[in-house]
Amino acid sequence: KQWYQRRVAITAGAKLKEYLISHVRMCREEILNPENDILPTYLDLYQRYSNGSRYLDDLYLHLNYHFTKRTIKHEWIDHYMQPMEKSKKFDKVKDLAMIIWREEMIEKVHTTLVAAILKDINYDRMGVSRYSTKLRDIIHSFVEVQAHEENSTGNVLQVYQELFEKPLLVDTGNFYNREAQRMYEHHDVSTYMVKVIERLDEEELRLRRFIHHTSINECKKECVNKLIADHQESLLDEYKSMLKNECVEDLSRLYILIKRLTHGLKKMSEIFHDHVYDNGKETIELMNKGCTPQEYVNSLLVVVKRFSGIVQVHLKNDEAFTAALNRAMEKLVNTTTESKKYPKSSELLVRHADHILKKGNKTIPPSEIEDHLHNFIDLFKYVEDKDLFQRFYSKKLAHRLINNLSISIETEELAINGLKDRCGYEYTSPLQRMIIDMKVSEDLTREFEETVRESGTKLNVSFSVNVLQSGAWPYATSPELSNTAPRPSDVSGEGGSGSSGGSTPEFTIPADLCVCVKLFTDFYGKKHTGRRLKFAFNLSHGTVTMNFTSRPYHVVMSAYQVAIVVLFNTSPTLSYTAIARDVGLDKSELDKTLATLVGSKILLVSSASEPATDMEEGANETDTYTVNTAYVNKKSKFKLPVTTHRGDNEVKEVESTHHSVDEDRQLYIQAVIVRSMKSRGVLQHNELISSVISQSKERFTPNIAMIKKCIEVLIDKQYIERDRQRKDNYIYLA
């Protein structure tokens, strides 16, 4: 019985094979008939054949089931498949039909058939296709004839890829090469980009409508190569003029096109970087000319806002262009001018922030202060020397807080929080401690006033104190307070003092202030046992009322100026020697303070050989100082400057800040070197340099010469040593 079944299967398979081959050959002749249109004829015959093969599959269902699923193991198919694809396994008669169609039809007429398909696709690209509704089914027949191999290890798209996809890619490239040449010759760049975008969008829709999804990306790539890549250089040449003339619509179109190229945006972003830098060179010229901080910041903001707007709107906020803009701005902000060692940007930005946050600023409305702070923080992110910026900022902040010049503590905290968001808590910790000190000092002053009031003691002056933590403020420690016997005084005013400040000479404070200082020292000592106060009178100030003039004036003076002017309560004229004896300042500080009083015309100076004048540049021991009873000022309340050479002092302060930053950097680099060597034990020279740079870049960009100098210092200190075997290696000494 089994032999009979096998015989029947072989006979039926052979007859079926002969019939299908004969039928497909007849179809092939009909397709190749010149009188027939090949595409509709092929599709009609293929669809009828495909439907018929499904009916045959149902007719041979018994054989499919019993002889391909059980023990015979495809013997009947193996017999009549010789010499076709015996190596393949087939489960259905429909598979046999598809193989015969592929071998007898597609492989024999594919040249003519594919040429007709590609011709009609090109007609569709030109808008005159005749068979656009039929193309998809025709093309997908190349896939269906091999669909039975889907579950095998073979490539089910081999026929489609070899016979159709390869010619399609070549023809697509040729078509769009011709199209690109035509459009480029007849249109300007702007119109060319518009038409290319339209072409690419149309082609993508066409590809999704006609061809197999696996070919879409390859065809799109071919279109991009011919329409964009082949003309990339000329497009980028025009890109420079687009940036110069701010042709924003063209910039958007070019971005859309160049983004399609692999690594295309890299060169485009480099051109953008150079353009931003060239446009921002004006800021460097302004620095060289000695511009104001406001002019410098405004010039930077113009550049940033102008190009960040282009990036966000027309370049889709692309990371490549955002990074290019940041690099260009960093280069502008951190450029050193002339022969300067450090960029001036940190100093100018801090002075601009000081302008925003200081009282009495009439150029910035209160409603716009927050916006100005945000702009300031946005520019701060471009500063590389964050440590230098911090040093300048802390000094300006201290000056505002101690002299009560800040708009408000809340606004100061807003600015500090912006810096913290950029650099972290550790960076702004000293600044926040300064703010905390001011808040604590307010509470201390209130408690002190209540304590004095409860004790029944009456103070002749209004007195307030700022207690500053040593180490949190940008000042050196002061010498201890020196008191003298109280002296009569009719001064009314308020003074501030702190726990740390700049170097102060031996200073004798007025009697009324001496009482206040002693009371507060006792009060603070009882409240905080073990803490020690050191008064910084060089940072203190007071308000003095001048009653010897035609009308009273209220003048804010430094503590040194107050100490001098109250001496004239006992006598309208005093000699230089008497003033020096009673105030206790050294000659340089005394001369500087007297010069400010003479320069403001509150005091008149005269010497034995010359008549009295309003101001004298120098001071000697024979000079005599007299109160100017004819003093007149438009303002009834004003502040007296603490120096007559403000510009020179600012230059010295900047140089001093640079010097202290240099010292701090050397210590920081030494700490980084020791930390790196301790963790690694042995490091090669270049590796150590790279490690130091990577760990320091958040605060500053270290100089290679400085790193080498620090290495030599650590070798001398015996923290590390050179490897005797390999001189470019360093060994950590435990």
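Residues numbered from 1 in each chain as written. Predicted model: local features only at pLDDT ≥ 70, side-chain atom pairs only at ≥ 80, totals over all residues. Heavy atoms only, no water.

Points about the overall build of the chain
The secondary structure content of the chain amounts to 26 helices and ten strands. The burial tally for the chain puts 48% of its 734 residues in the buried class. Put simply, the chain shows about 37900 Å² of open surface, and 49% of that area lies on carbon and sulfur atoms. (Helix = DSSP H or I, 4+ residues; strand = E, 2+ residues; numbered from the N terminus. Buried < 20%, exposed > 50% of the residue type's maximum accessible area, 1.4 Å probe, protein only. Areas by Shrake-Rupley, 256 points an atom, 1.4 Å probe, with all protein chains shown as cover.)

A few points about the sheet that holds strand 7 (residues 637-639)
Here three strands make up an open sheet; going across it, the order is 1-2-7 and the pairing mixed. Only two strands of the sheet have a single partner each, and these edge strands are strand 1 (541-546) and strand 7. Shown here is a sheet whose adjacent strand axes are inclined to one another by a mean of 25 degrees, direction ignored. In this structure, strand 2 (residues 553-558) lies alongside strand 7, joined through three bridges in parallel fashion. Following the sheet pairing, valine 556 is matched in strand 7 by lysine 639. (Pairing = 2+ DSSP bridges. Axes fitted to C-alpha atoms, helices over the stretch in contact; angles between N-to-C directions.)

What about the pattern of salt bridges?
All told, the structure shown has 40 salt bridges when counted by the stated rule. We note a salt bridge from aspartate 278 to lysine 281, for which the minimum N-O separation is 3.7 Å. Within this pair, aspartate 278 and its partner lysine 281 are both found in helix 12 (residues 264-288), separated by three residues, close to a single helical turn. The closest approach of N and O atoms between arginine 665 and aspartate 385, which form a salt bridge, is 2.9 Å. Taken as a pair, arginine 665 in helix 24 (residues 646-680) and aspartate 385 in the loop between helix 16 (369-380) and helix 17 (386-402) lie far apart in primary sequence, 280 residues in all. The two residues arginine 665 and aspartate 385 agree in class, both being buried. Counted as one network, the salt bridges with shared partners bring together Asp124, Arg125, Asp171, Glu203, Arg206 and Arg209. (Salt bridge = Lys/Arg side-chain N within 4 Å of Asp/Glu carboxyl O.)

Details of the environment of lysine 267
The topology assignment puts lysine 267 in helix 12. On the basis of relative accessible area, lysine 267 is assigned to the partly exposed category, the value being 35%. Sequence separation between lysine 267 and alanine 320 is 53 residues, and the spatial gap between their C-alpha atoms is 10.0 Å. Excluding residues within four positions of it along the chain, lysine 267 makes contact with Glu233 and Leu236. (Contact = heavy atoms within 4.5 Å.)

Regarding helix 25 (residues 685-696)
Taking 1.5 Å per residue as the helical rise, helix 25 with its twelve residues ought to reach 16 Å, and the 17 Å between its terminal C-alpha atoms agrees with that figure. If you check which residues of helix 25 are buried, you get His685, Leu688, Ile689, Ser691, Val692 and Ser696. Relative to the axis of helix 25, the buried residues are bounded by an arc of 160 degrees and lie together on one face. Between a side-chain oxygen at the N-terminus of helix 25 and the backbone nitrogen of asparagine 686 the separation is 2.9 Å; the capping residue is glutamine 684. (Expected span 1.5 Å × (residues − 1). Arc of directions from axis to C-beta. Polar contact = N/O pair within 3.5 Å; in protein donor to acceptor, adjacent residues only side chain to side chain.)

Examining the packing of aromatic side chains
On inspection of all chains with the given rule, the structure shows 28 aromatic pairs. With 6.1 Å between their ring centres and 65 degrees between their planes, phenylalanine 448 and phenylalanine 463 make a pair best called edge-to-face. Of this pair, phenylalanine 448 sits in helix 19 (residues 425-455) while phenylalanine 463 sits in the loop between helix 19 and helix 20 (511-527), and the two are 15 residues apart along the sequence. Residue phenylalanine 448 is classed as buried on the basis of its relative accessible area of 3%. Residue classification places phenylalanine 463 among the buried positions, given a relative accessible area of 8%. Aromatic side chains phenylalanine 520 and tyrosine 524 sit 6.1 Å apart centroid to centroid with 25 degrees between the ring planes, which places their arrangement in the stacked category. Taken together, the residues phenylalanine 520 and tyrosine 524, both in helix 20 and four residues apart, mark about one turn of the helix. Comparing phenylalanine 520 with tyrosine 524, the two get one shared label, buried. Here a set of aromatic residues connected by ring pairs shows up, and it is made of Phe376, Phe380, Phe389, Tyr393 and Tyr427. In this structure, arginine 125 packs its charged tip against the face of phenylalanine 175, placed 5.3 Å from the ring centre. For lysine 331, the ring lying beneath its charged end belongs to tyrosine 277, and the centroid distance is 4.3 Å. (Phe/Tyr/Trp six-rings, centres within 6.5 Å; stacked < 30°, edge-to-face > 60°. Lys NZ or Arg CZ within 6 Å of the ring centre and 35° of its normal.)

Brief notes about the packing of helix 6 (residues 132-144) against helix 8 (residues 189-210)
For the pair helix 6 and helix 8, interaxial distance at closest approach is 8 Å and the crossing angle is 55 degrees. When the interaxial angle is binned, helix 6 and helix 8 end up oblique. Each of Ser132, Leu135, Arg136, Ile139 and His140 in helix 6 lies in contact with helix 8, whose residues at this interface are Arg208, Arg209 and Phe210. Its residues placed into classes, the contact of helix 6 with helix 8 shows three nonpolar, two polar and three charged. (Parallel < 35°, antiparallel > 145°, perpendicular 65-115°, else oblique. Nonpolar A, V, L, I, M, F, W, Y, C, P; charged D, E, K, R; others polar.)

Quick look at the side chain of serine 600
Relative to the assigned elements, serine 600 resides in the loop between helix 23 (587-599) and strand 4 (603-607). Within the structure, the side chain of serine 600 is placed 2.9 Å from the backbone oxygen of threonine 596, a separation counted as a polar contact. Aside from chain neighbours lying at most four places away, what touches serine 600 is Tyr631 and Leu640.

Some remarks on the nonpolar core
The biggest cluster of nonpolar side chains holds 91 residues, and the ones touching the most others in it are Ile228, Tyr239, Met268, Phe272, Phe389 and Tyr393. It is helix 13 (residues 293-314) that contributes the most residues to this core, nine residues altogether. Discounting chain neighbours no more than four positions away, the residues touching methionine 268 are Leu236, Tyr239, Leu254, Tyr255, Ile258, Leu315 and Phe321. (Core = buried A, V, L, I, M, F, W, Y, C linked by side-chain atoms within 4.5 Å.)

A closer look at unusual backbone geometry
Backbone geometry places histidine 263, a non-glycine residue, at a positive phi of 60 degrees. If you trace the backbone, histidine 263 turns up in the loop between helix 11 (248-258) and helix 12. The backbone phi angle of glutamine 718 is positive, close to 65 degrees, even though this residue is not glycine. By secondary structure assignment, the location of glutamine 718 is in the loop between helix 26 (704-716) and strand 9 (720-722). For glutamine 718, a relative accessible area of 61% gives the class exposed.

Concerning the sheet that holds strand 9
Taken in spatial order, the three strands make up an open sheet running 8-10-9, and their pairing is antiparallel. With one partner strand each, in any of the chains shown, strand 8 (682-684) and strand 9 form the two edges of the open sheet. Neighbour-to-neighbour, the strand axes of this sheet turn through a mean angle of 25 degrees, independent of strand direction. Relative to strand 10 (residues 729-732), strand 8 runs antiparallel, the two sharing three bridges. Counted as the bridge partner of leucine 683 is tyrosine 730 from strand 10.

A word on helix 14 (residues 319-333)
Each α-helix winds once per 3.6 residues, and so residues spaced three or four apart point in a common direction. Taking 1.5 Å per residue, 15 residues should reach 21 Å; helix 14 reaches 21 Å between its end C-alpha atoms and fits that length. Considered for burial, the residues of helix 14 that qualify are Phe321, Ala324, Leu325, Ala328, Met329, Leu332 and Val333. Burial along helix 14 is one-sided: seen end-on, the buried residues are contained in an arc of 165 degrees. For helix 14, the secondary structure elements touched by its buried residues are helix 10 (232-245), helix 11, helix 12, helix 13 and helix 15 (345-357). Where helix 14 begins, the capping side chain belongs to aspartate 318, and its oxygen is found 2.8 Å from the backbone nitrogen of alanine 320.

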